[in-house]
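Chain by chain, the residues:
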Amino acid sequence: MPVSLNYIFKRVLLSILVVIGVIVFSYILLLYTPGDPAVKWAGNPRGPEARKAIEIARRELGLDQPIHVQIAQFIYHVFTGNLGLSIAYKVPVSQVITSGFTATLELLIFTYLLAVPLGLWLGIYSALRRGSRFDSFIQSLSVVLASTPTFWLGAIIALISYSTTGFLPYGRVSYKLATSTGFNPITGFYLLDALIQGNYAVFLDALLRIIPPALAISVYPIGVVARVSRTLVAEALLEDYVRSAVAWGVRRNTIIKHFVLKSIIPPVIQISGLAFVYSIVDAMVVESLVFGREGLGSILLDSLHKADFRVTIALAIYLTIFYISVNTIVDIIQASIDPRVKI
Amino acid sequence: MKRIILVLIALIILVAVLVVVLVNKPSLVTPSTTPPSKIVVYAYNDRITGIDPSIEDDTGLVVLGSIYETLTYYDYKTGEVKPRLATNWTSSEDGREWIFRLRNDVVFHDGSLFNATAVKLSIERARDIYRSSGRGAGYIWDALEEVEIVDPYTVKFKLSYPQRVDILASAAYASYIFSPSAIVKSNAANYTDRKLEDWFNGGNAVGTGPYRLVSYDPMREIKLEKFNDWWGWRYINSEKAPDIVVIKIETDPSAQYSGLLSGELDIASSVPRETISNLKKQGFGIIPLPTYHNFVLFYNTKRYPTNITDFRLAIAHAVDLNRVVSEAVLGMGSVASGVLPHGFPGHIEGLTYEFNLDKAREYLKRSGVSTPIKIELLYQIDYEETKKFAAIFKTLMSELGVDVELNGQDWARLKDIARGVWENPEETPHLIVADWWPTIPSPYDYLYAMFHSESKEWNYAGYENPVFDELITKAWEMEGVNYTGALELYKEAQLTLYQNAIALGLWDEIRPFVYSQRVYVPEEALNPMYTFVIRFELVEVRS
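The structure presented is a predicted model; accordingly, all values stated were derived computationally and were not measured.

Reading the values: rules and limits
Residue numbers restart at each chain and count upward from 1, following the sequence in its written direction. A letter from A marks each chain and a number from 1 marks each ligand, given out in the order of writing. Two thresholds apply to this predicted model, a pLDDT of at least 70 for residue-level local features and 80 or more for giving and counting side-chain atom pairs, whereas whole-chain, interface and lining totals are computed over all residues. Only hydrogens and water are set aside when side-chain values are computed; all heavy atoms of the structure are taken into account. Numbered from the N terminus, helices here are DSSP runs of H or I no shorter than four residues, and strands are runs of E no shorter than two. Here the term buried applies to any residue with accessible area under 20% of the maximum for its type, exposed to any over 50%, and partly exposed to those in between, with areas from a 1.4 Å probe on protein chains only. Contacts are assigned to residue pairs with any non-hydrogen atoms lying within 4.5 Å of each other. To be clear on the numbers: accessible area is Shrake-Rupley with a 1.4 Å probe, and residue cover counts the displayed protein chains and nothing else. As used throughout, the charge tally considers Lys and Arg to be positive and Asp and Glu to be negative, leaving His and the chain termini uncounted. To locate a charge, take NZ of a lysine, CZ of an arginine, CG of an aspartate or CD of a glutamate. Two strands pair if DSSP finds at least two bridges between them. With axes taken as lines fitted to C-alpha atoms, and helix axes fitted only over the stretch in contact, angles between N-to-C directions fall between 0 and 180 degrees.

(A) Looking closely at the overall build of chain A. Secondary structure summary: chain A contains 14 helices and zero strands in total. When the helices and strands of chain A are placed in sequence order, the string is α-α-α-α-α-α-α-α-α-α-α-α-α-α. Burial status across chain A gives 51% buried among its 343 residues. A separation threshold of at least 6 residues defines the contact pool for chain A, and within that pool the share at least 24 residues apart is 75%. Summed over all atoms, the accessible surface of chain A reaches about 15800 Å², with 69% contributed by carbon and sulfur. Placing the 27 positive and 19 negative side-chain charges of chain A at their respective mean positions leaves the two points 7 Å apart.

Shown next as structure tokens:
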């Protein structure tokens, strides 16, 4: 078994410590952000007893307690699975975040399903033509792609889409289409939901709307994966076992498929995993600010704006767990396919 | 090895999907089964803060206004109170007892019957929650001692002092009637039990309105469905009314504009003002609704130099409000006359300070304040128009030798800073721009909140005047027996504010509601008293 119990135990322990650290840090930071959560929790009271309402709200939120007590209570609630109600919207915090989280995750997964194979193909193809014009072009392109600001590219893509086709890829799905066809989100992943329900019109519409932001976000993983895989393949081609295989007259495609690819997959997975968690920030910016899609980006902005500290901290926790989970999964996959890796 | 990887990946995906399915419980009240034929999508510009019919006092109005009804309805064009769930009413001579006769043909969305018990429960809940916690707009029922059930379709409001209950019953908040069945459905012990509030805010409703709640996501969209058993369909042609209404939360005005152009939206509440003429050219319908949402410049009366009346008057006369309306609001507003908006009960003309720089300099000289002097203006950055106003104001004040330091904040921070005028006036900006919209059609709504010495959350002028307090309190109590006399007292109170330049009314907003050719929105569907609420029963779907 490539994964030891010791590893899992250490990871879980580390995750708990990191989550506690994130809560403490976020809580202290949010104390200094504008806005009084008690005013929001009291419902922006306007009557003569507004002050009384705010004071009661302060007590209900525990904001009248010393800061260390507040933090301890928050940590207790997190680990007992009770994040409470959103201060601004009075609905469960988990409900606010989960729907946004699935929206962002759907966009990211879709992006990486496109970006990683494309980046890998570009890298391998470039390495096999090392020194050619194509190789130089791909190398330069990968640097440009990896360093392109995604929000800028997103705006350009939206503009081109609207000016050439008249279609503005705004939102996740057409409200009218979704309502008129009885589309009912089940998992929150609209593409998957549409397929499950056999609603191909909504599937197509959601697909058309996810492609532009996915293109914008994909430039970074395409650039990174292309660059890394090109280097790895180029290095692998100079290895003794490859040269021996060539000398033995093994076919070129067989060498690449069975020897070269096998050796580069683990590092490519690792770099893709790292890029994946990094891209969530890109996704949060692009989805809300450029394409008007719901997601974690708009939830974060809104929670800060409305002094909804429960949602802000819960979001930080979700992201922390997401980072740790992705990295753990990447480690496990790597250990499964590379016998040299023991975790 | 490959198989292990594939199985691992498949397992991860399966677990992820299962977790998401289990965690992401949809907040549907009742899933719609039949695909509707007439759908209208209405873009609203803010997220919904709650839909408890007794407590909600903010953006939830846009939803509550369609699914619940009040006993009466305020007709802003005539200033009259009209019947809704009540058919008629009478009051005693001393204005302390009001008898309302109720419609006997009304059912709630769950099929339960509307009657006097529902009225008693709904009104007393709003009052009691306010009394115990200060939350909601239940303060409008301050005088209410009891709602007595005379018979199943007659109620008597008993008051501790005279009030216009017919006006209070038409309020935008705290007057909605919900079914007593909500208590049972929410497993609440009584009507003040928090479980009931959580049940409502969790996306549940049992009103009598023309539309019933289908799904509720306060951050994204709210779906309403035509309630076929609504009593009012007998009087309104229901054939053309929408079957489904989607209230789409779209906070970005540009996105509302794009949504109209692409056909995704049918009605928009907040397109950028500069796009109005273009939309008009393209055949979109525009209703420029004069609203009761007004903008006021408060003077910090507790800090030098804005504690000097002549200095305040100097500033008032140096503000060119016509320019402000033209450049900051792009014509979508009317120059304010006093602090009550045009068309609102008790509004009086002639309370606009003349733009006259000579007069302003004269007052400045009289104030003894030597220039150049620096003062601070606090304004809200969430509104494009207040940002533009701040820039214009700074330029105008430079004519007087007054250097204005601009302090733009979002609403939450502005409120934090502005209420400091009571505890720490020397650290609070000299000038604060704030906005207001009413809960009830009474001048008391504006005058109490913004200028009464006990209203320390909203009186950003830090204004304390026992005579003024007495005037408006007396007027409020007089409304029930001598409405005309009460309006006279409110007029006197406004003159006091005007003469002492406690605040400068800037503009009353005119909000352009835009609709596509696919629908027709009659003017009667909108009412400034219930801002942003659209009476969808009057909307016609053309195609």
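From this point on, the discussion continues.
(B) Focus on the sheet that holds strand β5 (residues 97-102) of chain B. Residue and element names in this part refer to chain B. The four strands lie next to each other as β4-β5-β7-β6, forming an open sheet whose pairing is antiparallel. Strand pairing shows two members of the sheet lacking a second neighbour, β4 (86-91) and β6 (144-151), which therefore form its edges. Here the average twist between neighbouring strands, direction ignored, is 20°. The pairing of β4 with β5 spans five bridges and is antiparallel. Within the sheet, the bridge partner assigned to Ala86 lies in β5 and is Leu102. Along the sheet, helix α3 (residues 116-133) contacts β5, β6 and β7 (154-159); its crossing angle with β6, the most-contacted strand, is approximately 170°.

(C) Layout of unusual backbone geometry. The amide bond that connects Tyr304 of chain B to the next residue, Pro305 of chain B, takes the cis arrangement and shows omega of 5°. Mapped onto the elements, Pro305 of chain B comes out in the loop between β12 (285-299) and α9 (309-317). The omega angle of the peptide bond from Thr371 of chain B to Pro372 of chain B is 0°, so this bond is cis rather than trans. Despite not being glycine, Lys90 of chain A has its phi angle at roughly 60°, a positive value. Residue placement: Lys90 of chain A occurs in the loop between α4 (67-79) and α5 (93-128). Even without a glycine there, the phi angle at Ala307 of chain A is positive, about 55°. Checked against the element boundaries, Ala307 of chain A lands in the loop between α13 (296-305) and α14 (309-337).

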